[in-house]
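So the chains spell out like this:
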Amino acid sequence: MSNAPLMPKATAVWLVDNTALTFDQVADFTKMHPLEVRAIADGDAAQGIKGMDPISTGQLTRDEIEKGEKDPNYRLKIAESKVTLPPQAKKKGPRYTPVSRRHERPSAILWLVRNHPELKDAQIMRLVGTTKTTIASVRDRTHWNASTLTPMDPVTLGLCSQIELDFEVQRAAKEKPTDVSHGGPTLLPASETTRKEAELESTEREHDDLNVDAVFAKLKTIGGKKPDPDQD
């Protein structure tokens, strides 16, 4: 069996008092330890607990009990419920915080605001179970106890788990836009740089050719002939 009956200890009290089932059979059906069932039979445990009839609640049939009484090795099977309850949808709302921990929420909010400024108010509300008004008052230092607040890790305070905190921090990091200007100027592609270098080299070569032609033309007008570069 995988499912235990409702109110297993009260069911065990009834089975011990009203049937001839063995302690092992009762323990197997109620998912209790055989020694605990024996203690119930001896009156050392479950004192003051009223037995609950599993037959009247539809968890066990009389025929099933008779099978178990005839065969000590037989294991009782719980009856399937005739009523199927629809699964309850999880209610969305602020996180519940125990009363003993509620006075520590402002300190946790201050810690989150200082150490994880990327977190949104909605994320802080999920982690700590607070309101936007309280978050704003802590952030703006207008909280009534702002002068004595000390930043404290919400995980240490027991307001949330480390897994929940890491999840919200990672989500905030993914949603935060990347600052492109922070990286500085980017390099030009190779095609652009090589093209500019080739054009610059070609321009310089043309400029040098023009200078040589101009020099020789000037010399012709002065000397009447082109000087021989091999002669001194």
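Here the structure is a predicted model, which is why all the values come from computation and not from measurement. (Residues numbered from 1 in each chain as written. Predicted model: local features only at pLDDT ≥ 70, side-chain atom pairs only at ≥ 80, totals over all residues. Heavy atoms only, no water.)

> How do you make sense of the overall build of the protein when you look at a structure like this?
A tally of helices and strands in the protein yields ten helices and zero strands. Looking at the protein as a whole, 26% of its 232 residues are labelled buried. Carbon and sulfur atoms make up 54% of the accessible area of the protein, which totals about 17,000 Å². (Helix = DSSP H or I, 4+ residues; strand = E, 2+ residues; numbered from the N terminus. Buried < 20%, exposed > 50% of the residue type's maximum accessible area, 1.4 Å probe, protein only. Areas by Shrake-Rupley, 256 points an atom, 1.4 Å probe, with all protein chains shown as cover.)

> So what exactly am I meant to see when it comes to the packing of helix 5 (residues 105-115) against helix 6 (residues 121-128) here?
Packed helices, taken two at a time, are described by the angle between their axes plus the distance between the axes. Relative orientation of the contacting elements helix 5 and helix 6 amounts to 140 degrees, with a least axis distance of 11 Å. Classified by the angle their axes make, helix 5 and helix 6 are oblique. As for the relative orientation of helix 5 and helix 6, their crossing is right-handed in sense. Together, R105, A108, I109, L112 and V113 of helix 5 and I124, L127 and V128 of helix 6 make up the contact between the two elements. When grouped by side-chain class, the residues that make up the contact of helix 5 with helix 6 number seven nonpolar, no polar and one charged. (Axes fitted to C-alpha atoms, helices over the stretch in contact; angles between N-to-C directions. Parallel < 35°, antiparallel > 145°, perpendicular 65-115°, else oblique. Left-handed = near helix turned anticlockwise from the far one by under 90°. Contact = heavy atoms within 4.5 Å. Nonpolar A, V, L, I, M, F, W, Y, C, P; charged D, E, K, R; others polar.)

> Would you mind showing me how to read unusual backbone geometry here?
Peptide bonds are mostly trans, and most non-glycine residues show a negative phi. Residues other than glycine seldom take positive phi values, yet K31 does so here, at roughly 60 degrees. By the element assignment, K31 lies in the loop between helix 2 (23-30) and helix 3 (34-42). Its identity as a non-glycine residue notwithstanding, R141 has a phi of 60 degrees, on the positive side. With respect to the helices, strands and loops of the structure, R141 is situated in the loop between helix 7 (132-139) and helix 8 (154-157).

> How should I be thinking about the environment of R38 in this particular structure?
Within the secondary structure, R38 is located in helix 3. With eleven residues separating them along the chain, R38 and A27 place their C-alpha atoms 9.2 Å apart.

> I tried to follow the confidence of the model for the protein on my own but got confused; where do I start?
Reading predicted coordinates in detail is not appropriate for stretches of low pLDDT. When pLDDT is averaged along the protein, the result is 78, and 66% of the positions lie at 70 or above. Confidence, read as mean pLDDT per element, is least for helix 10 (residues 190-223) in the protein (58) and greatest for helix 2 (92). With pLDDT under 50 throughout, residues 180-184 is counted as low confidence; its partners more than four residues away or in other chains account for zero contacts. (pLDDT = per-residue confidence, 0-100.)

> Before we go on, may I ask you to explain the side chain of T30 in this structure?
Turning to its location among the elements, T30 is positioned in helix 2. Residue class for T30 comes out buried when judged on its relative accessible area of 1%. Of note is the side chain of T30, whose polar atom sits 2.7 Å from the backbone oxygen of V26. When near neighbours in sequence (up to four residues on either side) are disregarded, T30 contacts A4, P5, P8, T11 and A12. (Polar contact = N/O pair within 3.5 Å; in protein donor to acceptor, adjacent residues only side chain to side chain.)

> Explain the nonpolar core here, please?
Nonpolar side chains in soluble globular proteins generally cluster together in the buried interior. Among the nonpolar cores identified, the biggest contains 19 residues, and I109, L112, L119, I124, L127, V128 and L165 are the most heavily contacted of them. If you list the elements that add at least two residues to this core, you get helix 5, helix 6, helix 7 and helix 9 (162-175). When residues in this core are grouped by element, the largest group, six residues, is from helix 5. When neighbours within four sequence positions are excluded, I124 is seen to be in contact with I109, L112, V113, L119, G129, T130, I135 and R139. Among the nonpolar cores identified, the runner-up in size contains 15 residues, and W14, M32, V37 and A46 belong to it. (Core = buried A, V, L, I, M, F, W, Y, C linked by side-chain atoms within 4.5 Å.)

> Is there a simple way to think about the packing of helix 1 (residues 8-18) against helix 3 in this case?
Closest axis-to-axis distance for the helix 1/helix 3 pair is 10 Å, and the angle between their directions is 60 degrees. In this view, helix 1 runs oblique relative to helix 3, as classed from their interaxial angle. Note on packing geometry: the crossing formed by helix 1 with helix 3 is right-handed. Contacts from K9, A12, V13 and V16 of helix 1 reach helix 3 at E36, V37, I40 and A41.

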